[in-house]
Amino acid sequence: MAKASIGIIGGSGLYRIEGIKVIEEVTVKTPWGYPSDSLVIAEIGGVSTAFLPRHGKGHVFLPHEINYRANIAALKMVGVEKIVAFSAVGSLKEEIHPLDFVLPSQVIDRTRGRVSSFFGGGIAAHVGFADPFCGPLGGIIASAAAEEGLKLHTGETLICMEGPAFSSRAESMLYRSWGAGVINMSTLPEAKLAREAEMCYSVVCMSTDYDCWKVDEEHVSVEMVVANLNKNAANARALIKAIVPRAAGIGHCSCNEASRYAVITAKERWDKKQAKRLHSILPEYF
Ligand SMILES: [Zn+2]
């Protein structure tokens, strides 16, 4: 099976990357089941990269139906150390226009009942998540965007809501009052699981609409989201090609030790089956 060091998770509108040299398409079975689709292992700028469409090809999974654990585990199992995720988002701020890119530095979890950890089931662990996204990877993304001449907002807070219906206006206004910049439905638990699996993770958000808070704008609809994503697809592809070779150059990072001291269960009490599952993503510890 081909290996890859960089993972790209494509969101709505980004189901494949045109113009790349595909090495192999691999189906990965993880202890948590199958990911949303097969992984496309391709070479981008001389770097082996694994691409996974988060919602599956043809967009078959709602955000709450995605097997996030299998997605992250599958990437880890083919050797991925750094994940650059893409996501379509609504803008909660006037200055974040549709078609702008946003690199959030914080996230607020408004999802409900999603499985958000590889741990549990007899092995308890808690990882740090104060800074949800990888700093060095974010720096690389910002410099790649600047080189491509793309507008990128940084330092914003992302709201990850449950969905699948879009926000009510009261919710949209509430999130604005919290100072949040963008809203989506799929960064969590993805980012938390990547942290537990000790992978660097950053999300590039593509603004498609003004959610529903802006009274003089047409409210968000799937039609509007898809139209703007298609307009932005070429920019997203250019950004990916600029990010990957740079990301491959990042050295060891604190993300890569996130679970080292996270386990609190006494080793002699570990559930053996759970330890075996965890071995597939964290072989150094389990
Ligand atoms: Zn990192």
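Data block above holds the structure.
For the structure given in this document, a descriptive report is provided here. Remember, it's a predicted structure, so these values are computed and weren't measured experimentally.

**Overview of the overall build of the chain**
- Looking only at helices and strands, the chain features six helices and nine strands.
- By the compact-globule yardstick of 19 Å for 286 residues, the chain fits well, its C-alpha radius of gyration being 18 Å.
- Projected onto its principal axes, the C-alpha positions of the chain cover 60 × 40 × 30 Å.
- Expressed as a percentage of its 286 residues, the buried residues of the chain come to 47%.
- Here the contacts in the chain between residues at least 6 apart in sequence split such that 82% fall between residues at least 24 apart.

**Details of unusual backbone geometry**
- Note that the residue after Gly163, namely Pro164, is joined by a cis bond; omega there is 0°.
- Within the secondary structure, Pro164 is located in the loop between strand S7 (152-161) and helix H3 (169-177).
- Omega for the peptide link from Leu188 to Pro189 comes to 10°, which places this bond in the cis form.
- Considering the arrangement of structural elements, one finds Pro189 in the loop between strand S8 (182-184) and helix H4 (190-196).
- Unusually for a residue other than glycine, Glu198 sits at a positive phi of about 60°.
- Here Glu198 lies in the loop between H4 and strand S9 (200-209).

**Examining the nonpolar core**
- Counting residues in hydrophobic clusters, the biggest one holds 86 residues, and the most contacted among them are Ile83 and Ile243.
- Element by element, the count of residues in this core is highest for helix H5 (residues 222-247), at eight residues.
- When near neighbours in sequence (up to four residues on either side) are disregarded, Ile83 contacts Gly7, Ile9, Leu75, Ala194, Met199, Cys200 and Tyr201.

**As for the packing of helix H2 (residues 135-147) against H5**
- Direction vectors running N to C along H2 and H5 enclose 135°, while the axes themselves pass 9 Å from each other. One finds that H2 runs oblique with respect to H5. Seen from above, H2 lies across H5 with right-handed handedness. In this structure, H2 uses Leu137, Ile140, Ile141, Ala144, Ala145 and Glu147 to contact H5, whose residues at the interface are Leu239, Ala242, Ile243, Arg246 and Ala247.
- A breakdown of the residues in the contact of H2 with H5 according to their chemical character gives nine nonpolar, no polar and two charged.

**A word on the pairing of strand S5 (residues 82-91)**
- With respect to burial, S5 is a largely interior element, ten of its ten residues being buried.
- Alternating positions in S5 separate into two faces, Lys82, Val84, Phe86, Ala88 and Gly90 on one and Ile83, Ala85, Ser87, Val89 and Ser91 on the other, with burial throughout.
- Where strand S1 (residues 6-10) and S5 come together, four bridges link them in parallel fashion. Among the inter-strand pairings, Gly7 is bridged to a residue of S5, identified as Ile83.
- Alignment of S5 against S9, held across nine bridges, turns out to be parallel.

**A look at the pairing of strand S3 (residues 39-44)**
- Among the six residues in S3, five count as buried, and that is most of the element.
- As defined by bridge partners, strand S2 (residues 21-26) adjoins S3 across five bridges and the pair is classed as antiparallel. Across the sheet, Glu24 pairs through a bridge with Ile41, a residue of S3.
- Two successive antiparallel strands, S3 and strand S4 (residues 47-53), enclose a turn made up of two residues, where Gly45 displays a positive phi of approximately 55°.

**Points about the environment of Ile72**
- Inspection of the secondary structure assignment puts Ile72 in helix H1 (residues 68-77).
- Take Ile72: there are 31 C-beta atoms within 10 Å of it, and that puts it in the buried class.

**Observations concerning the environment of Val203**
- Inspection of the secondary structure puts Val203 in strand S9.
- For Val203, a count of 30 C-beta atoms within 10 Å gives the class buried.
- Val203 has contacts with Ala85, Ser87, Pro104, Phe133, Thr187 and Ala191, leaving out every residue within four places of it along the chain.

**Looking at H1**
- In terms of burial, H1 is largely enclosed, as ten of its ten residues are buried.
- Immediately beyond the C-terminal end of H1, within one or two residues, lies Gly79, with a positive phi of roughly 105°.

**Notes on the environment of Lys29**
- If you trace the backbone, Lys29 turns up in the loop between S2 and S3.
- When the C-alpha atoms of Lys29 and Met77 are compared, they prove to be 9.4 Å apart, with 48 residues separating the residues in sequence.

Basis of the calculations
Residues numbered from 1 in each chain as written. Predicted model: local features only at pLDDT ≥ 70, side-chain atom pairs only at ≥ 80, totals over all residues. Helix = DSSP H or I, 4+ residues; strand = E, 2+ residues; numbered from the N terminus. Rg over C-alpha atoms; globule rule 2.2 N^0.38 Å. Buried ≥ 20, exposed ≤ 12 C-beta atoms within 10 Å, placed from the backbone. Contact = placed C-beta atoms within 7 Å. Core = buried A, V, L, I, M, F, W, Y, C linked by C-beta atoms within 7 Å. Axes fitted to C-alpha atoms, helices over the stretch in contact; angles between N-to-C directions. Parallel < 35°, antiparallel > 145°, perpendicular 65-115°, else oblique. Left-handed = near helix turned anticlockwise from the far one by under 90°. Nonpolar A, V, L, I, M, F, W, Y, C, P; charged D, E, K, R; others polar. Pairing = 2+ DSSP bridges.

Such coordinate-based values are descriptive only and should not be taken to indicate function.
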